[in-house]
Amino acid sequence: MDTHAAARELAPLLKNEIHSLEEFLQLLLTEQDSLATGARDKVGAQMEDKTRVLQKLTRYTRQRGEILRAQQCAANSSGMQTWLNRVSADTRAEIEGLWQSLLRLTQRAFQVNRTNGVLIESGLRANQGAIGVLCAAVNLGQVYGHDGRPQPRLGARQWAVA
């Protein structure tokens, strides 16, 4: 495949990848809103949509890698840059603009996802603290151990059976 054929395949592929990444970013922002407002039950409901979009993104990334490898370039960011350096200026302008948009969106999605992870971790700590308070209030000790297995009820009253 010559560079013009590769460009004809890459342009619509990158557009699809950008569209899917925008969709994924919107899902991450919705997730962030749910996490920030305490509507954590909505987060689980969004997992199916996130998985569907991630599968599309994975497919597009794989296709882009195949095109770059067919051009004897690595299937990564540096491979794309190598390919862009080989093509004519007019071809480079269109593809490079799409590529830069994709990189910016990827960085934004990464940042939002990181923030969501912090919010999830904060919620988990709050839940663990609440469980600790409840256990202390009823003098039961730890409900679950560090490995997630149930622990015996410490301090629970034992009744003699005749």
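Here we summarise the structure given alongside this text. (Residues numbered from 1 in each chain as written. Predicted model: local features only at pLDDT ≥ 70, side-chain atom pairs only at ≥ 80, totals over all residues. Heavy atoms only, no water.)

Let's shift gears to the nonpolar core. Grouped together as the largest cluster of nonpolar side chains are 29 residues, with contacts concentrated most on Leu14, Leu21, Met80, Trp83 and Ile95. Take this core: its biggest share by element is 12 residues, from helix H1 (residues 3-36). (Core = buried A, V, L, I, M, F, W, Y, C linked by side-chain atoms within 4.5 Å. Buried < 20%, exposed > 50% of the residue type's maximum accessible area, 1.4 Å probe, protein only. Helix = DSSP H or I, 4+ residues; strand = E, 2+ residues; numbered from the N terminus.)

What follows is about the side chain of Glu31. On the secondary structure map, Glu31 appears in helix H1. Sequence-distant contacts of Glu31, that is, excluding residues within four places in its chain, are made with Val43, Gln46, Lys50 and Asn116. (Contact = heavy atoms within 4.5 Å.)

For Gln72, which is not glycine, the phi torsion reads 60° and is therefore positive. On the secondary structure map, Gln72 appears in the loop between helix H2 (41-70) and helix H3 (77-86). Residue classification places Gln72 among the exposed positions, given a relative accessible area of 64%.

Moving on, we come to H3. The complete set of buried residues in H3 reads Gly79, Met80, Trp83 and Leu84. For H3, the angular spread of the buried residues around the axis is 140°, confining them to a single face. (Arc of directions from axis to C-beta.)

On to the pattern of salt bridges, then. The final tally for this structure, using the stated rule, is five salt bridges. Put simply, Glu23 and Arg52 hold a salt bridge, and the shortest N to O gap is 3.1 Å. In this pair, Glu23 is assigned in helix H1 and Arg52 in helix H2, connecting sequence segments 29 residues apart. For Glu23, a relative accessible area of 23% translates into the label partly exposed. By relative accessible area, Arg52 is classed as partly exposed at 38%. Of the charged contacts, one joins Asp49 and Arg52 as a salt bridge, the two residues approaching to 3.9 Å between their closest N and O atoms. With Asp49 and Arg52 both in helix H2 and three residues apart, this pair spans about one turn of that helix. (Salt bridge = Lys/Arg side-chain N within 4 Å of Asp/Glu carboxyl O.)

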